[in-house]
Amino acid sequence: MGLLDRAGGQLTARAEDAEILVVNTCSFIDSAKQESVNAILEMAQHKRENGGKARRLIVAGCLVERYRDEIQRNIPEVDAVVGTGELEAILEAAGLTVVDAPAEEKSPFNILVSRAASAVHQHSHPSEVGTQLEIAQSSRAEGDLRERQGRFSRAQWKGATAALPEYLYSDETPRIRTTPRSSAYIKIAEGCDHPCSFCIIPQLRGKFRSRRLESIVAEAERLIAQGVREITLIGQDTTCYGEDLGLRINGEPAGLATLLDAVAVLPGLKWLRFLYAYPNKVTTRLLETIARHETIAKYLDVPLQHASPSVLKRMKRGGTAEVFLRLIEKARAIVPRIVLRSTFIVGFPGETDADFNELCEFVAAAKIDWLGVFCYSDEEGAAAFGLDAALKVPKRTIEARRRRLMKLQQKISARAKAAWVGREVDVLVEGESDETELLWQGRTALHAPEIDGKVLINDFGPHEALVPGTFYRAEITESHEYDVVARIIE
Ligand code: SF4
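Every value quoted in this text rests on a predicted model; they were computed, and no experiment measured them.

Caption draft 1: How the structure looks around the site of the ligand. Taken together, the neighbourhood of the ligand is formed by C192, H194, C196, C199, I201, P202, Q236, D237 and Y278. A per-class count over the shell around the ligand returns 6 nonpolar, 2 polar and 1 charged.

Caption draft 2: Inspection of the environment of F198 at higher detail. Within the fold, F198 resides in the loop between β6 (189–190) and α7 (201–205). Along the chain, F198 and A262 lie 64 residues apart, while their C-alpha atoms are 35 Å from each other. The residues contacting F198, other than those within four sequence positions of it, are M315, I345, F348, Y376, E379, A382 and A384.

Caption draft 3: Spatial organisation of the domain arrangement of the protein chain. For the protein chain, the assigned domains read domain 1 (2–94), domain 2 (112–418) and domain 3 (424–488). Inter-centroid distance (C-alpha atoms) of domain 2 to domain 3 is 28 Å. Every contact between the two is made by 22 residues of domain 2 and, on the other side, 15 residues of domain 3. Sorting the residues of the side of domain 2 that touches domain 3 by element identifies β8 (230–234), β11 (271–275), β12 (299–301), β13 (339–346) and α14 (395–418) as the ones contributing at least two each.

Caption draft 4: The arrangement of the pairing of strand β14 (residues 370–375) in detail. Sheet topology note: the β13/β14 ladder contains 6 bridges and is parallel. Bridged to T343 within β14 is G372. Of the crossover connections in this fold, the one passing from β13 over helix α13 (residues 353–366) to the parallel β14 is right-handed.

Basis of the calculations
Residues numbered from 1 in each chain as written. Predicted model: local features only at pLDDT ≥ 70, side-chain atom pairs only at ≥ 80, totals over all residues. Near = placed C-beta within 6 Å. Nonpolar A, V, L, I, M, F, W, Y, C, P; charged D, E, K, R; others polar. Helix = DSSP H or I, 4+ residues; strand = E, 2+ residues; numbered from the N terminus. Contact = placed C-beta atoms within 7 Å. Domains from an automatic or database assignment. Pairing = 2+ DSSP bridges. Right-handed = clockwise from strand over helix to strand, strands pointing away.

This is the structure in structure tokens:
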């Protein structure tokens, strides 16, 4: 959007007003693909029937990485496709060119080749006095190994190009935010090197690569200057951040902790968080960093996916219920009252009743604050797709297991939320409740945007009205299964 805007395009969210339609797509699992295809078909129909106003239809994003040729072949209304690694092509696809970029302005694209040069700059951001920040200039060994093993191969995908995206945006890339005034996401890394056998994200998004630390800090500063108070750092695996840049402290990978140290102290920032953590990358240093800064939300989203060692092994993730419980215990010891979020997959091929029961026992013991359960989706191109058909769990069983686990979690969540009653918290007010005009809603630092429960506000306290995007002090007065109710006190 930033590129289109800078090139003179006028943005509208209303398809009926648009001359150029852009559908940004997802291709992670079947249901996401279906949703993307439906949106393209809807826009194709709109283009055909809208009296000629919509001249061009562009499809962008991960569906293009997966089915590049097929999209245009099967949907003739599509004029151009733009994959995740070629964002600049959106301008040509839209028939626009950059009009106002000064000649000396750097390319908005920070492609991998500039890595070695950029790593040197990191030296100016050592954030821990008394420790040695080492800078190496190599990619992640794990990623290189997986590449040799074929992890990123798209050979089985008809209609996809072999080339992986290498794109990374930078603070120089024009950007238009669509999040509320006070909140912003910053993507700190792209791609993933992990071998999880149910997941095709590495083939879609490419090898793991980190943005330069100074670029992320510059972007955060700019966002704060624009009024942003809550920053969420994101990536497929934020806990690998900086490993490819060689960001280490005393020999240990410390990229994310270093980045958090640098961003957490920026004046004007109120809440900082990161999504998502890979379990064996949650180090003591990282937890201590979360504990040390007032601005860092005491919140950790660590997708665990399962608890049965045999399922985790087939998922190619490793770990056991015991290992995960120890990790949770450690997180709670180092960061008192830390709120944990996790996600699990049920119905992975070969998951037996005993495996599922082990997962339930783990969930009951771990008492994770926010928990999501996903039904296994068999994705062509993922290693698990090729597992013996006899191992595949029937859809009805998968759905029944999902319901059972969510029911169990409901009770755990209700009990945990009851313990919040009486607490005084800072609430970022978002606006009127989605469900009723009678209430307003907001979030605490312990709720990530868009995903966790809500704080429902039924009493404005000393205020006539509340201003969305503003922080207020509130007292939690009631709790439900996932949401809590609060009254404003300041
Ligand atoms: S870590 Fe996440 S993105 Fe990477 S392969 Fe595993 S599930 Fe996919």
